[in-house]
Amino acid sequence: MFKLNQNQNALLALLLLVPVPSIGVATQLYMLPGLKGHLVALLSKIWMLLLPTIWLLFVDKDNLKVQYPKRRDLLAGFGLGLLMLCIMLIVYWLLGANWIDVKYVRDKATQVGLDSFAVYLVGSAYWIFVNSLLEEFVWRWFVYRKCEMLVSSPLAVVLSALFFTIHHIVGLAAYFDWRVTTLCSFGVFLAGAIWSWCYLTYCSIWPGYISHIFADIAIFLIGWQLIFA
């Protein structure tokens, strides 16, 4: 029976996971708007959660351990998070507010069902508190560690951030022109690199998760301004 070595296992894991969120986002926003697109996006989320867990248990043959945050994790997370939130709001007020086509964003939000304040509020809560934890689990705990098996730690930070950015570009392009898409994608890449660096430094997803919450709060405050204000 053919057995893969550690590097081949890591590469296969990345190939099975990294394209999936882009497929889910593209299907939902471009190919199958409506219920079918939402279903594909949901299935992609489930795959992203299941694959790392299955890989850990049956390929790496390890146990899933829950690590509680330490004081330094909380301090780093809150400090980075507040800094990110402030920078994102300032950049929006200086550039984004002038570049974004508000009518187009509102029309697109209506198309995917985000024009209801109740739906937006529930969706915001999910993305801020649940999806950000899922993303840290997937992109930092799993993807970053697999990248680190293939390349050096600094390069793994860059590579995992790049992988993290790809599906965001697909989503952003559905709502914004090239200027906003480029600016936001660069911001996503920087955030992904910072969160991967946090995992490298603290060996924990908690600093990334806490600061990710603040970054998502900024995003949904801006979204509320664009859609409802």
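All figures in this text were calculated on a predicted structure; none of them were measured in a lab.

Thresholds, definitions, all that
Residues numbered from 1 in each chain as written. Predicted model: local features only at pLDDT ≥ 70, side-chain atom pairs only at ≥ 80, totals over all residues. Heavy atoms only, no water. UniProt positions renumbered as here; feature names shortened; annotations may be inferred. Helix = DSSP H or I, 4+ residues; strand = E, 2+ residues; numbered from the N terminus. Axes fitted to C-alpha atoms, helices over the stretch in contact; angles between N-to-C directions. Parallel < 35°, antiparallel > 145°, perpendicular 65-115°, else oblique. Left-handed = near helix turned anticlockwise from the far one by under 90°. Contact = heavy atoms within 4.5 Å. Nonpolar A, V, L, I, M, F, W, Y, C, P; charged D, E, K, R; others polar. Phe/Tyr/Trp six-rings, centres within 6.5 Å; stacked < 30°, edge-to-face > 60°. Buried < 20%, exposed > 50% of the residue type's maximum accessible area, 1.4 Å probe, protein only. Lys NZ or Arg CZ within 6 Å of the ring centre and 35° of its normal. Expected span 1.5 Å × (residues − 1). Arc of directions from axis to C-beta. Polar contact = N/O pair within 3.5 Å; in protein donor to acceptor, adjacent residues only side chain to side chain.

## Comments concerning the UniProt feature "transmembrane region" (unreviewed entry) in the protein chain
In the numbering adopted here, UniProt assigns the feature "transmembrane region" (unreviewed entry) to residues 42–59, 74–97, 117–134, 155–174, 180–202 and 209–227. End-to-end, the C-alpha atoms of residues 74–97 are 32 Å apart, and along that stretch the chain is 100% helix and 0% strand. Annotated as residues 117–134, this span is 100% helix and 0% strand, and its ends, taken at the C-alpha atoms, are 24 Å apart.

## Describing the packing of helix 8 (residues 178–202) against helix 9 (residues 206–227)
Describing two packed helices takes the angle between their axes plus the distance from one axis to the other. Two elements in contact, helix 8 and helix 9, have axes whose closest approach is 9 Å; the angle formed by their N-to-C orientations is 155°. Judged by the angle between their axes, helix 8 and helix 9 are roughly antiparallel. For the pair helix 8 and helix 9, the crossing hand works out as right-handed. On helix 9, the residues that touch Trp-195, Cys-198 and Tyr-202 of helix 8 are Pro-207, Gly-208, Ser-211, His-212 and Ala-215. Looking at side-chain class alone, the contact of helix 8 with helix 9 contains 5 nonpolar, 3 polar and no charged residues.

## As for the packing of aromatic side chains
Here the structure, examined in full by the defined rule, presents 13 aromatic pairs. An angle of 65° between the planes, with centres 5.9 Å apart, marks the rings of Trp-139 and Phe-164 as edge-to-face. Separated by 25 residues along the polypeptide, Trp-139 in helix 6 (residues 117–150) and Phe-164 in helix 7 (residues 153–173) bring together distant segments of the chain. A relative accessible area of 0% means that Trp-139 is categorised as buried. On the basis of relative accessible area, Phe-164 is assigned to the buried category, the value being 2%. Taken together, the ring pairs in this structure connect Phe-117, Tyr-120, Phe-220 and Phe-228 into an aromatic cluster. For the cation-ring pair, Arg-140 lies above Phe-164, with the distance from its terminal atom to the ring centre recorded as 4.4 Å. Across from the ring centre of Trp-141, 4.4 Å away, lies the NZ or CZ of Arg-145, which sits over that ring.

## A closer look at the UniProt feature "domain: CAAX prenyl protease 2/Lysostaphin resistance protein A-like" (unreviewed entry) in the protein chain
Within this numbering scheme, the UniProt entry marks residues 122–217 as carrying the feature "domain: CAAX prenyl protease 2/Lysostaphin resistance protein A-like" (unreviewed entry). Summarising residues 122–217: 91% helix, 0% strand, and an end-to-end C-alpha distance of 13 Å.

## Thoughts on the packing of helix 2 (residues 19–31) against helix 3 (residues 35–59)
The N-to-C vectors of helix 2 and helix 3 enclose an angle of 165°; their axes lie 7 Å apart at closest approach. Taken together, the axes of helix 2 and helix 3 lie roughly antiparallel to each other. Considering only the axes of helix 2 and helix 3, their crossing is left-handed. Of the residues in helix 3, those in contact with Val-20, Pro-21, Gly-24, Thr-27 and Gln-28 of helix 2 are Gly-37, His-38, Val-40, Ala-41, Ser-44, Trp-47 and Met-48. Split by residue class, the contact of helix 2 with helix 3 holds 6 nonpolar, 6 polar and no charged.

## What to know about helix 1 (residues 6–17)
The end-to-end C-alpha separation of helix 1 is 17 Å, in line with the 16 Å expected for 12 residues at 1.5 Å each. Among the residues of helix 1, those classed as buried are Asn-9, Ala-10, Ala-13, Leu-14 and Leu-17. Down the axis, helix 1 shows its buried residues gathered within 135° of arc, on one side only. Taken together, the buried residues of helix 1 touch helix 2, helix 3, helix 6 and helix 7. Put simply, Asn-5 is the residue that caps the front of helix 1, since its side-chain oxygen is 3.1 Å from the backbone nitrogen of Asn-7.

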